[in-house]
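Survey of secondary and tertiary structure
Chain by chain, the residues run as shown.
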Amino acid sequence: PRRPALVFGEDRRDYGTLVRQARRLAAFLGAAPHLSSRKEPVAAVLGGRESLTPLCFLACAMAGAAYLPLDPACPPARRRQILADSGAALLLDFTGGTPSPDEVSCPVYSRESVLAALADPRWDRDGLLPGEDPALEDRRLFYLLYTSGSTGDPKGVEVTRGNLEAFLSWAVAICPGEEPAYLSSAALSFDL
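Residues numbered from 1 in each chain as written. Predicted model: local features only at pLDDT ≥ 70, side-chain atom pairs only at ≥ 80, totals over all residues. Heavy atoms only, no water.

Points about the overall build of the protein
Helix and strand content of the protein: six helices and eight strands. Across the protein, helices and strands are ordered from the amino to the carboxyl terminus as β-β-α-α-β-α-β-α-β-β-α-β-β-α. Taken over C-alpha atoms, the radius of gyration comes to 17 Å for the protein, in line with the 16 Å a tight globule of 192 residues would show. Structurally, the protein occupies a C-alpha span of about 50 × 45 × 35 Å along its principal axes. Of the contacts made within the protein by residues no fewer than 6 positions apart, 63% connect residues no fewer than 24 positions apart. Accessible surface, the protein as shown: approximately 11,000 Å² in total, 55% of it carbon and sulfur. Taking the average location of the 20 positive side-chain charges in the protein and that of its 24 negative ones, the two points are 2 Å from each other. (Helix = DSSP H or I, 4+ residues; strand = E, 2+ residues; numbered from the N terminus. Rg over C-alpha atoms; globule rule 2.2 N^0.38 Å. Contact = heavy atoms within 4.5 Å. Areas by Shrake-Rupley, 256 points an atom, 1.4 Å probe, with all protein chains shown as cover. Lys, Arg positive; Asp, Glu negative; His and termini not counted. Charge placed at Lys NZ, Arg CZ, Asp CG, Glu CD.)

Here it is in structure tokens:
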């Protein structure tokens, strides 16, 4: 729990802190009816490279929602189309702007509301959260990515928990060791 998990500039979090904060945010997000009332909800995350973004990805998964990374550099029309096509139950927006009602049809959580939830111990929970159950089947949607749309409209690509576990098993097998390191430089909405 005390080993470094996330480093972004001066912001450094160990695994214990990262998991504790992600669980708190997951409880906050999971309490919202628009997320908890759906079978396989999607939570969109609109943000760039910063420490809140991976924390939110983890919190969405713990809350039982698939996360959908949205690139702030994408044109608003593309984001609008992706949000509508995905049926996103909510949007975590760290861009500081206020999306117009015609751009977003789901509840929007700002950076400030996320930071407030992270600081609020009322959201601490004992026991497993919906997305933490080890008995979850491998077919459960873990995250959703959209293609570039170069051949027409962007298409949603579903990545399941089993897909992710297979990729991680492969990565560990090709780079064995106690602390293997991998370098990946790509947009947050791109998948290896």
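A word on the environment of Ser110
With respect to the helices and strands, Ser110 occurs in strand S6 (residues 108-110). You can call Ser110 partly exposed: its relative accessible area is 28%. (Buried < 20%, exposed > 50% of the residue type's maximum accessible area, 1.4 Å probe, protein only.)

Remarks on helix H4 (residues 76-86)
Listing the buried residues of H4 in full gives Arg79, Ile82, Leu83 and Ser86. Seen from one end, H4 has its buried residues packed into an arc of 100°, which puts them on one side. Taken from the residues just after H4, Gly87 is the one with a positive phi, measuring 65°. (Arc of directions from axis to C-beta.)

Some points on helix H3 (residues 52-62)
For H3, the tally of buried residues reaches nine of eleven residues, placing the bulk of the element in the interior. Burial in H3 covers these residues: Leu52, Thr53, Leu55, Cys56, Phe57, Ala59, Cys60, Ala61 and Met62. One or two positions beyond H3, positive phi appears at Gly64, with a value near 90°.

Digging into the nonpolar core
Among the nonpolar cores identified, the biggest contains 35 residues, and Leu25, Leu29, Leu92 and Val114 are the most heavily contacted of them. Looking at this core, the elements with two or more residues in it are helix H1 (15-30), strand S3 (42-46), H3, strand S5 (90-93), helix H5 (111-119) and strand S7 (141-146). (Core = buried A, V, L, I, M, F, W, Y, C linked by side-chain atoms within 4.5 Å.)

Topic: the environment of Ser184
Along the chain, Ser184 turns up in the segment after helix H6 (161-174). Separated by 121 residues in sequence, Ser184 and Ala63 place their C-alpha atoms 26 Å apart.

With respect to the packing of H3 against H5
Where H3 meets H5, the closest approach of the two axes is 12 Å, and the angle between their N-to-C directions is 65°. Put simply, H3 runs roughly perpendicular to H5. Handedness of the crossing formed by H3 with H5: left-handed. On the side of H3, the interface is formed by Leu52, Leu55 and Cys56, while H5 contributes Arg111, Val114, Leu115 and Leu118. (Axes fitted to C-alpha atoms, helices over the stretch in contact; angles between N-to-C directions. Parallel < 35°, antiparallel > 145°, perpendicular 65-115°, else oblique. Left-handed = near helix turned anticlockwise from the far one by under 90°.)

Remarks on a negative patch on the surface
A cluster of like negative charges, contributed by Glu40, Glu137, Asp138 and Glu158, occupies part of the molecular surface. Counting through the fold element by element, Asp138 comes out in the loop between H5 and S7. (Patch = residues over 30% accessible without salt bridge, like charges linked within 9 Å, V, L, I, M, F, W, Y side chains within 5 Å. Salt bridge = Lys/Arg side-chain N within 4 Å of Asp/Glu carboxyl O.)

Comments concerning the pairing of strand S1 (residues 4-8)
The pairing of S1 with strand S2 (residues 11-14) spans four bridges and is antiparallel. Each residue of the ladder has a partner; that of Pro4, found in S2, is Asp14. Counted between consecutive antiparallel strands, the loop separating S1 from S2 contains two residues, among which Gly9 sits at a positive phi close to 60°. (Pairing = 2+ DSSP bridges.)

Focus on the packing of H1 against H3
H3 packs onto H1 with a crossing angle of 55° between their chain directions and a minimal axis gap of 8 Å. Overall, the two elements H1 and H3 adopt an arrangement that is oblique. The two elements H1 and H3 meet at a crossing, and its hand is right-handed. On the side of H1, the interface is formed by Leu18, Val19, Gln21, Ala22, Arg23, Leu25, Ala26 and Leu29, while H3 contributes Leu55, Cys56, Leu58, Ala59, Cys60 and Met62. By residue class, the composition of the contact of H1 with H3 is twelve nonpolar, one polar and one charged. (Nonpolar A, V, L, I, M, F, W, Y, C, P; charged D, E, K, R; others polar.)

Read these as layout, nothing more, since geometry by itself doesn't imply function.
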